[in-house]
Amino acid sequence: MSQNVSFNLVDEPWICVRDLGGATREVSLLELFEQASSIKCLANDLPTQDFAILRVLLAVLQRAISPTLDDDDVPAEVWGRLWRAHELPIDQIHEYLDEWHHRFDLFDEEQPFMQVVGLRWKDNEKKENNLYRIIGDSWSREDKRLFLQRAGSGLARLTFAEAARWLVHLQAFALGIPGQPVLGEKAESIKGGKVYPGGPGPDGLLGCMYLEGDSLTDTLLLNFLPTASRSDEDCLFLEDDKPCWEVNPLLVSDGHEESFPRGRAELFTWQSRWVRLIPCERNVIDAIVSAGRKMEKSNQRLRQIESMTAWKERVGASRTSGIEFLPRKHERDQAMWRGIISIFGGAAEQESRIVPPEVISWVKRMSGRSSGSLLRWSDYVNVHAVGFEYVDAKCGAVTVVFDDKVELSAYLLSDKGEDLVNLAKELVTSTSKAVFALGCFAANLRIASGGSAEREYQKAKPDEKPKETAKEKASARAFFEIDSPFRQWLAALNETSNAEVERRRWRRTARVIIKAHADVLLREAGPEAIVGAPAQNEKGETADWMTASKAEAKLNAALKKYLPLEEDEPNDKEVQA
């Protein structure tokens with residue numbers, strides 16, 4: 001690193017935030033903590049970048065308060081003191097950042113932040129510019145460009161602030177693509193002239209979720225767990241759980257031996273890639289990026305300290321393992337409210353049991369009467385979900401960026417809100433079934449007009465995109481129209497809500513939306529659908545004669561089954577298989 005270049009993250013503005021008035025700006029690490037109560041949220045280049053930086057902030061907070069605690073402190077009481085203070089412990093944060101100030105410089109001669117000092121290519125030849133390897137908005141495939149923030153010369157240089165943000169993001173979400181070997185690389189790590197990282201960054205395989213409050217102060221505390229692990233909630237975090245800047249800097253000679261983080265601070269700052277940023281004047285113009293620390297693959301151990309993802313139960317994975325839990329990733333093209341079980345946990349139809357993120361379980365505990373209802377039931381929080389979907393199992397490119405949030409009353413996160421939570425999960429399931437029934441109605445109208453039954457009902461293979469059928473289009477359109485009303489209905493649930501009244505209210509709202517779509521589809525079907533056409537089975541044989549009236553009767557029966565209203569007749573026939 002050049003002696004003439006310095007960019008210290010404690011002092012220099014690099015984190016993008018949005019203040020309570022809606023304006024965006026860059027702040028330093030110290031300014032962020034000092035001004036957290038007047039900052040609404042993080043507002044960086046990608047939602048996944050916000051997540052990665054948030055975890056670095058949580059590691060700082062954990063280590064800053066650690067010296068003030070002793071063995072007699074109880075995690076719930078520690079959290080309660082922080083929450084009731086309505087501000088961050090800025091004196092301790094000042095002291096901590098002063099102590100470790102030298103480890104936050106991007107270009108320090110001995111210990112550059114989240115990098116490997118002196119990193120060079122093995123053959124010492126000029127390689128192609130590798131800066132694109134750290135820029136997350138260049139990770140999609142060339143033929144399916146997802147991000148339009150950068151292209152061409154925009155991939156050739158970064159400001160120091162941009163480079164800092166992307167460096168943190170890289171360590172969390174790096175692609176699983178192999179890199180060139182670096183000088184000093186052990187021969188056993190090189191295969192076919194490449195070094196393989198063993199997968200994406202540690203956050204890349206999660207269904208990342210975090211809680212957002214009214215200010216960044218609230219957001220930090222809502223996601224801060226002063227506990228050692230999931231199974232030991234009454235013990236404080238371990239003293240030897242340290243972030244990357246507190247331990248000896250990584251060296252190439254250390255190799256890529258698998259290890260496992262001691263706790264959340266180490267996990268949240270895990271250096272999954274060896275990196276060296278190459279500066280020129282006030283820009284970073286290149287980067288050396290190769291495989292870094294490999295994390296031991298153990299979901300059972302990871303589940304103990306990973307607090308910001310839901311977990312999916314897998315029974316009988318092997319004869320000896322019994323029950324195993326896997327991170328539950330977000331569903332492609334599915335709004336967060338449809339996967340509400342990831343927030344609250346439980347077992348959905350035809351799906352294994354889901355365990356919610358530990359941050360939500362913790363807040364639920366802090367909202368309970370036994371904890372003194374530290375969170376007021378009148379408060380509202382946003383559950384924010386982010387993540388990547390990769391092109392294949394090797395995680396070599398990104399196909400989808402997931403970014404969604406739902407607003408909830410803190411009452412739903414308390415033990416008293418269980419009835420309303422169960423109601424919400426029930427209505428997500430029944431509404432989804434009603435929407436899919438509308439899709440079948442659209443498919444039946446297409447068949448009644450002479451369309452192909454095989455095309456309408458043939459399922460896409462797991463690695464294929466959903467087919468553009470009348471069924472898929474109608475379902476997608478209905479979910480889009482239902483999205484905003486359901487979010488508003490969900491956000492309105494609070495301690496004054498009556499479950500039966502709310503059930504009837506939502507059923508009627510959903511019925512109106514779905515029937516309106518059905519009426520449009522019926523008008524668009526044309527006269528041919530009235531007469532009808534033969535519906536063929538998989539063998540090409542005529543199995544039924546489909547008409548518009550028959551299709552409508554099937555839909556009406558489905559709506560009365562999944563979204564029944566008081567005026568529905570009690571003995572309606574169920575939907576035929």
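Up top you'll find the structure we're talking about.
The following paragraphs examine the structure supplied in this document. As a convention, each chain's residues are numbered from 1 in the sequence order in which they are written. Given that this is a predicted model, residues contribute local features only at a pLDDT of at least 70 and side-chain atom pairs are listed and counted only at 80 or more, while totals for whole chains, interfaces and linings are drawn from all residues. To get the side-chain values, all heavy atoms of the structure are used, and hydrogens and water are removed first.

1. Considerations on the packing of aromatic side chains
Selection rule: Think of it this way: a Phe, Tyr or Trp ring, Trp meaning its six-membered ring, pairs with another when their centres are within 6.5 Å, and the plane angle makes it stacked under 30 degrees, edge-to-face over 60, tilted otherwise. Secondary structure counts use DSSP, requiring at least four H or I residues in a row for a helix and at least two E residues in a row for a strand, with both numbered from the N terminus. For the exposure calls, accessible area comes from a 1.4 Å probe over protein chains only, and a residue counts as buried if that area is under 20% of its type's maximum, exposed if over 50%, partly exposed in between. Any Lys NZ or Arg CZ that is within 6 Å of a ring centre and within 35 degrees of that ring's normal is treated as a charge sitting over the ring.
Considering all chains together, one arrives at 17 aromatic pairs under this definition. Considering the side-chain rings of Trp-79 and Trp-83, the 5.2 Å spacing of their centres and the 10° angle between planes classify their relative orientation as stacked. A residue pair is termed a helical-turn pair when its members lie 3 or 4 positions apart in one helix, as Trp-79 and Trp-83 do in helix 3 (residues 75-85) at 4 residues. Given the relative accessible area of 11%, Trp-83 is considered buried. Between Phe-104 and Trp-245 the ring centres are 4.8 Å apart and the planes differ by 45°, which places this aromatic pair in the tilted class. One end of the pair, Phe-104, is in the loop between helix 4 (90-99) and strand 4 (158-159); the other, Trp-245, is in the loop between helix 6 (216-222) and strand 8 (258-259), and 141 residues separate them in sequence. Assessed through its relative accessible area of 0%, Phe-104 is described here as buried. Residue classification places Trp-245 among the buried positions, given a relative accessible area of 1%. Connected via pairs of aromatic rings, a cluster forms that spans Trp-337, Phe-436, Phe-479, Phe-486, Trp-489 and Trp-506. The lysine or arginine in question, Arg-293, covers the ring of Trp-270, its NZ or CZ lying 3.7 Å from the ring centre. Over the face of the ring belonging to Phe-479 we find Arg-338, whose NZ or CZ atom lies 3.6 Å from the ring centre.

2. Quick notes on unusual backbone geometry
At His-86, a residue that is not glycine, the phi angle is positive and equals roughly 60°. Look at Glu-281: it is not a glycine, yet its phi comes out positive at around 55°. If you trace the backbone, Glu-281 turns up in the loop between strand 9 (273-280) and strand 10 (283-291).

3. Concerning the side chain of His-256
So the rule is basically this: Think of a polar contact as two N or O atoms within 3.5 Å of one another; within protein, one of them needs to be a possible hydrogen donor and the other a possible acceptor, and neighboring residues in sequence only count if both atoms come from side chains. Contacts are assigned to residue pairs that have any heavy atoms within 4.5 Å of one another.
The topology assignment puts His-256 in the loop between helix 6 and strand 8. Taking relative accessible area as the criterion, His-256 reaches 10% and is therefore assigned buried. At 2.6 Å, the side chain of His-256 and the side chain of Glu-185 are in polar contact. If near-sequence neighbours (up to four positions away) are discounted, His-256 is found in contact with Glu-185, Ser-189, Val-195, Trp-274, Ala-291, Gly-292 and Lys-294.

4. Notes on the packing of helix 2 (residues 47-65) against helix 4
Going by this rule: Helix axes use the C-alpha atoms of the stretch in contact, all axes being lines fitted to C-alpha atoms, and the angles between their N-to-C directions lie in the range 0 to 180 degrees. Orientation is classified from the angle alone, with under 35 degrees giving roughly parallel, over 145 giving roughly antiparallel, 65 to 115 giving roughly perpendicular, and any other angle giving oblique. Residues are sorted three ways: Asp, Glu, Lys and Arg are charged, Ala, Val, Leu, Ile, Met, Phe, Trp, Tyr, Cys and Pro are nonpolar, and all the rest, Gly among them, are polar.
Running from amino to carboxyl end, helix 2 crosses helix 4 at an angle of 100°, the nearest separation of the two axes being 9 Å. Judged on the interaxial angle alone, helix 4 and helix 2 are roughly perpendicular. When helix 2 is examined against helix 4, the residues Val-60, Leu-61, Arg-63 and Ala-64 are found in contact with a partner set consisting of Gln-92, Ile-93, Tyr-96 and Leu-97. Its residues assigned to classes, the contact of helix 2 with helix 4 shows 6 nonpolar, 1 polar and 1 charged.

5. Focus: the sheet that holds strand 9
Applicable threshold: The rule for pairing is simple: two strands pair if DSSP sees at least two bridges between them.
Strand order in this open sheet of 3 strands is 4-10-9, and the pairing throughout is antiparallel. Only two strands of the sheet have a single partner each, and these edge strands are strand 4 and strand 9. One ladder, built from 2 bridges, connects strand 4 with strand 10; its direction is antiparallel. Along strand 10, the bridge assignment pairs Leu-158 with Val-284.

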